[in-house]
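Architecture at a glance
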Amino acid sequence: MQEEITRRISDDLLRPLVETSWRFWLLVAVLGSVVATGLATWFYQIYNGFGITGIRNPIYWAFYITNFVFWIGISHAGTLISAILRLVNAGWRRPVTRCAEVITVFALMIGALFPIIHLGRPWLFFWLMPYPSERQIWPNFRSPLVWDFFAITTYLTGSVLFLALPMIPDFALVRDKSTGWRRRVYAALSLGWQGTTKQWHRLESAMQIMAIAIIPVAVSVHTIVSFDFSMAPVPMWHSTIFGPYFVAGAIFSGIAALIVAMAAVRRFLHLEAYLHPVHFENLGKLLLMMSLLWAYFVFAERITVWYGNESAEREVLLVTQRGSFAPLYWTMIVCNLVIPFVVLSLRKLRTIAGCVTASFTVLIGMWLERFLIVVPSLGHKYLPYSWGTYRPRPVEIIITISTFAAMMLLYTLFSKLVPIISIWELKVGEHPFAQETAAEAGNHRLWKANP
Amino acid sequence: MTAIYALYSDPDHVQRAVDNLRAAGLHDRDIVVISSEPIEEYEFSARDKATWLFYAAGFGGVVGLVFATWLTTMTQKAWPIVTGNMAIVAWWPNMIIMFELTMLGAILATVITMLVAANLPKRGPKLYDPEVADGKILVGIENPPSTSVQSIERALLSGGVARLKKIGARP
Amino acid sequence: MAVDLDRCTGCGACVTACHAENNIPTVGADQAARGRAMHWIRVERYFEGEFPDVRVKFRPVMCQHCDAAPCEPVCPTYASHHTSEGLNAQVYNRCIGTRYCANACPYNVRFFDFFHPQWPKPLHLQLNPDVSLREVGVMEKCTFCVQRISAAEIQAKADNRELQDGEIKPACAQACPSKALVFGDLNDPDSDVSRLSRSGRGTKLLGDLGTLPKVTYLERETQG
């Protein structure tokens, strides 16, 4: 009985690796061409000069920094959710963890690309790294951008390892179930894993430590990204609330991305037996909670500015709420608060489709939120003579869209090469070797789902 | 490498086999139990639980902290440049770098120690059976001394339903 | 530097002189309309009052060379830093174009080379050999004509004498017909600029932000 279940789990979750339909190739081709367009556009920008973007005096940061903050925010999904759920030993995490961790790694990679894209001389980005040079000059550790470099490097390293360690036993499984070149590749990737009790203990201890370590790193990363803004004397940037505000927003957008990714994986890889409505419901409740938390931070910040009577800050506040940015601002409020609140608090609406809808609106809303943090403040600093407006140019829009395509492409390729649900973790949860009676085993979810 | 091992479907039988092997005079460290998922609830899996991993992580963190402190203060003092009326050795931002590199040190130390302790990557011949991937649990002895082969076989078989297998040269 | 707003006529000679002295490119009408003009010193014009009691006020704004410059700690490569003489330096070779300094500057006096600077003929003949040309992707701003400061200091050292007050004149101060712009050594209490900075008419632009700007604006207090 248990071997039935074991075999079924292995078969279902390994099927995407061995069976490839024409739809996969079509998707890869479409996404790949969008990504290629984005890359070409970037090189066009380097060749022709940064002036082809919409950046201008005084708005020197716009779309690219918005995207940077957005993607780093998305990256908080995975590792944070996966780590926290591991630490509190929430059983429903098992099919979710790898989906989430993959989002983190790829979102971080994409996010980390944007500080390079937005540089005036991107070929010199390596000056942010501390290395001994013959000029004997080092990066300026007082600069939040250098903090970004260290934080993102640490988080990326941690996330990749956090993702890769539990993949080792699954690679061993793929190795055992495959032949030919695939067997050789996965044998190498599995590092000769056997599955001795000692190896399992070391792996789980390492995962425990990583889960504990990755949470403060994740919190620090987005706090440091928020410091890019709060360390500059720009109205409505120089706020002490930015650290927690950004972390809350990051977790918020991260959960939304996770729900969308899980729904896509469930649909396209036919994993309905493994990703149940209860998983989406639980994440949906978390999303609702984060929506309220986000709204709380926004409210606290804005009411403080409204009371503060500091003229430059009030100007920025009003231009977002009533002025030229008002349409975007109110769209953001509807997307981030109103729709998620309605959809996610009513049990009837908190279905998979409902959660995905709410997540899409949250992703749109959070992108707008980053934009509305960056651009209105820069456009309305302390000297009204220098105020300005910003319009994005095609190059920025194309690169933005191509990063979404890049994320989807990387995710698709990953799910083709690695089981998107952690097989060994799922097995441990599905049939822990507690003394299960035959009756209990017969009531097993999987057995009932597909007798 | 030679080995004798048996495959079981039920962890209760595994526990019995391990106990029998111990009764036959074999040390815990010679008895290998291999499974496709961690089995926490049984005594046989508790043998290797003690680990230095947490201390390794702490040590890695300390190394990271010391390195970060040195990197920031050394570089700031090597070419003292005034920025924004701030101190040459600026502790507030240095603490951020120190935190990040502490965590990086802890993470890297954890992973490296884990790989070393778990003996990964492991090349060369090793004790394994593809049926483990289907959920069977393997109990075996690597490189058994020829005098003990009989008693090992008895211990493994007395564990209940099992299939006995051998790898390598036969006595 | 001290800027006497009661003397400023808004003629803009300082802007032109700065362009000429520091090899600042003109960006063309299209780019200027997009807000990318690079005037290291600009003359801000404010209208006060309703017609017919309208008054115009002019304020030349250049880099204030703040003692607590917010643009300096945020530059990841030390391209923006404080020299021992108290100037805020911009090192073009070290700039990788993050534009963080421009965001941090409350005075909006930092400018970015969006394209490769062009000098359509025959303007290329007018370039100042003492000032390096910038390439696309770097930040630039007023340097208080550091090339003139260096030249005067080198000359004084060669002549084995001290620098005189008024010996160094940035291009803007030199060109100003009403002598509204005065430059000198703030460490010398007897220099013109020091005396003007201590004047009762003196204020600092955005002084409450804590940037400690070195430029004092002199303005008669008026009613209303």
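Everything numeric in this text was worked out from a predicted model, so none of it was measured.

Attention now goes to helix α1 (residues 13-21) of chain C. Quick reminder: α-helices carry 3.6 residues per turn. Residues three or four places apart thus point the same way. Residue and element names in this part refer to chain C. Burial in α1 covers these residues: Cys14, Val15, Cys18 and Glu21. Buried residues of α1 fall within an arc of 135 degrees about the axis and therefore sit on the same side. Looking one or two residues beyond α1, the residue adopting positive phi is Asn23, at roughly 55 degrees.

Listed as interface residues are 32 residues of chain C and, on the opposing side, 34 residues of chain A. Elements with a minimum of two residues in the side of chain C that touches chain A: α3 (100-104) and β6 (111-112) of chain C. Top contributing element to the side of chain C that touches chain A by residue count: α3 of chain C, with four residues. The residue makeup of the side of chain C that touches chain A, split by class, is 20 nonpolar, eight polar and four charged.

Our focus in this paragraph is the nonpolar core. Among the nonpolar cores identified, the biggest contains 235 residues, and Ile103, Ile255 and Leu258 of chain A together with Val139 of chain B are the most heavily contacted of them. If one sorts the elements of this core by residue count, helix α10 (residues 242-268) of chain A sits on top with 16 residues. For this core, the domains that each give at least three residues are domain 1 (3-50 + 140-167) and domain 2 (53-117) of chain B. Apart from residues lying up to four places away in sequence, Ile103 of chain A is in contact with Ile74, Ala77, Gly78, Ala257, Leu258 and Ala261 of chain A.

Relative to the helices and strands, Leu368 of chain A is located in helix α14 (residues 352-379). When neighbours within four sequence positions are excluded, Leu368 of chain A is seen to be in contact with Leu328, Thr331 and Met332 of chain A.

The next point concerns the pairing of strand β1 (residues 3-8) of chain B. When a strand is regular, its side chains alternate between the sheet's two faces. Residue and element names in this part refer to chain B. Of all six residues in β1, six are buried; the element is thus mostly enclosed. Burial of the side chains of β1 extends over both faces: Ala3, Tyr5 and Leu7 are buried on one face and Ile4, Ala6 and Tyr8 on the other. In this structure, β1 lies alongside strand β3 (residues 137-142), joined through six bridges in antiparallel fashion. The residue of β3 that forms the bridge with Ala3 is Glu142.

Looking now at the interface of chain A and chain B. Facing 50 residues of chain A, the contacting portion of chain B comprises 56 residues. Breaking the side of chain A that touches chain B down by element, the ones donating at least two residues are α1 (2-18), α6 (144-164), α7 (167-177), α9 (197-230) and α16 (423-430) of chain A. For the side of chain A that touches chain B, the element with the most residues is α9 of chain A, which contributes 17 residues. Along the lines of polarity and charge, the residues of the side of chain A that touches chain B split into 25 nonpolar, 16 polar and nine charged.

Okay, the pairing of strand β3 (residues 55-61) of chain C next. Residue and element names in this part refer to chain C. Alignment of strand β2 (residues 42-48) against β3, held across seven bridges, turns out to be antiparallel. Paired with Tyr46 across the bridge in β3 is Lys57. A loop of six residues connects β2 with β3, the two strands running antiparallel in sequence, and Gly49 in this loop sits at a positive phi of about 90 degrees.

Here is what the cut-offs are and how they apply
- Residues numbered from 1 in each chain as written.
- Chains lettered and ligands numbered in written order.
- Predicted model: local features only at pLDDT ≥ 70, side-chain atom pairs only at ≥ 80, totals over all residues.
- Buried ≥ 20, exposed ≤ 12 C-beta atoms within 10 Å, placed from the backbone.
- Helix = DSSP H or I, 4+ residues; strand = E, 2+ residues; numbered from the N terminus.
- Arc of directions from axis to C-beta.
- Contact = placed C-beta atoms within 7 Å.
- Nonpolar A, V, L, I, M, F, W, Y, C, P; charged D, E, K, R; others polar.
- Core = buried A, V, L, I, M, F, W, Y, C linked by C-beta atoms within 7 Å.
- Domains from an automatic or database assignment.
- Pairing = 2+ DSSP bridges.

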